[in-house]
Amino acid sequence: MARYRTLLKTVSYYGVHLVVAAGVAYAVTGDGVAALTLSLLEPTVQMLFFYLHETLWERQAQRRPSAAGPCAAADGPQLPVCGHRSVLQHSA
């Protein structure tokens, strides 16, 4: 599901970027063909790198340990405030 969302986000970003790039390229060059070429080339390359960037960030986020710490997966009763087991249960 995360990859599908990332892909949709990438396509949306591509569309917005395409319009902006065409406008900027036309303002700079005054040439419609050059503006169209630049607006298609640059965002297409950028889209591929954006997807790669998002995929790597998502993979990195999945590798991080949980914020509850190493005790979160341990068996036994947990304290309701922080989720860690009591000090006596750690030493046992």
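To be clear, the structure that these remarks concern was listed above.
Q: Let's hear about the overall build of the chain: which residues, and what values?
A: For the chain, the count of helices and strands is 3 helices and 0 strands. Mapped in sequence order, the helices and strands of the chain form the string α-α-α. Per-residue burial over the chain gives 16% buried out of 92 residues.

Q: Tell me about the packing of aromatic side chains, and please be specific about residues and values.
A: Within this structure, the stated rule accounts for 1 aromatic pair. Judged by centre distance (4.8 Å) and plane angle (15°), the rings of Tyr13 and Phe50 are stacked. Taken together, the residues span a long stretch of sequence, with Tyr13 in helix 1 (residues 2-29) and Phe50 in helix 2 (residues 32-63) at a distance of 37 residues. Under the relative-accessibility criterion, Tyr13 is labelled partly exposed at 34%.

Q: Now, about the side chain of His17: what can you tell me, with residues and values included?
A: Here His17 lies in helix 1. In this structure the side chain of His17 is engaged in a polar contact, spanning 2.7 Å, whose partner is the side chain of Glu42. In contact with His17, other than residues within four places in its own chain, are Glu42 and Pro43.

Q: Just give me the short version of helix 1, but keep the residues and values in it.
A: With 28 residues, helix 1 should reach 40 Å at 1.5 Å per residue; the first-to-last C-alpha distance of 39 Å fits that figure. Regarding helix 1, the residues found buried are Thr6, Thr10, His17, Ala21 and Ala25. Considering only its buried residues, helix 1 is in contact with helix 2. After helix 1 finishes, the residue Gly30 shows a positive phi value of roughly 70°.

What counts, and where the lines are drawn
Residues numbered from 1 in each chain as written. Predicted model: local features only at pLDDT ≥ 70, side-chain atom pairs only at ≥ 80, totals over all residues. Heavy atoms only, no water. Helix = DSSP H or I, 4+ residues; strand = E, 2+ residues; numbered from the N terminus. Buried < 20%, exposed > 50% of the residue type's maximum accessible area, 1.4 Å probe, protein only. Phe/Tyr/Trp six-rings, centres within 6.5 Å; stacked < 30°, edge-to-face > 60°. Polar contact = N/O pair within 3.5 Å; in protein donor to acceptor, adjacent residues only side chain to side chain. Contact = heavy atoms within 4.5 Å. Expected span 1.5 Å × (residues − 1).

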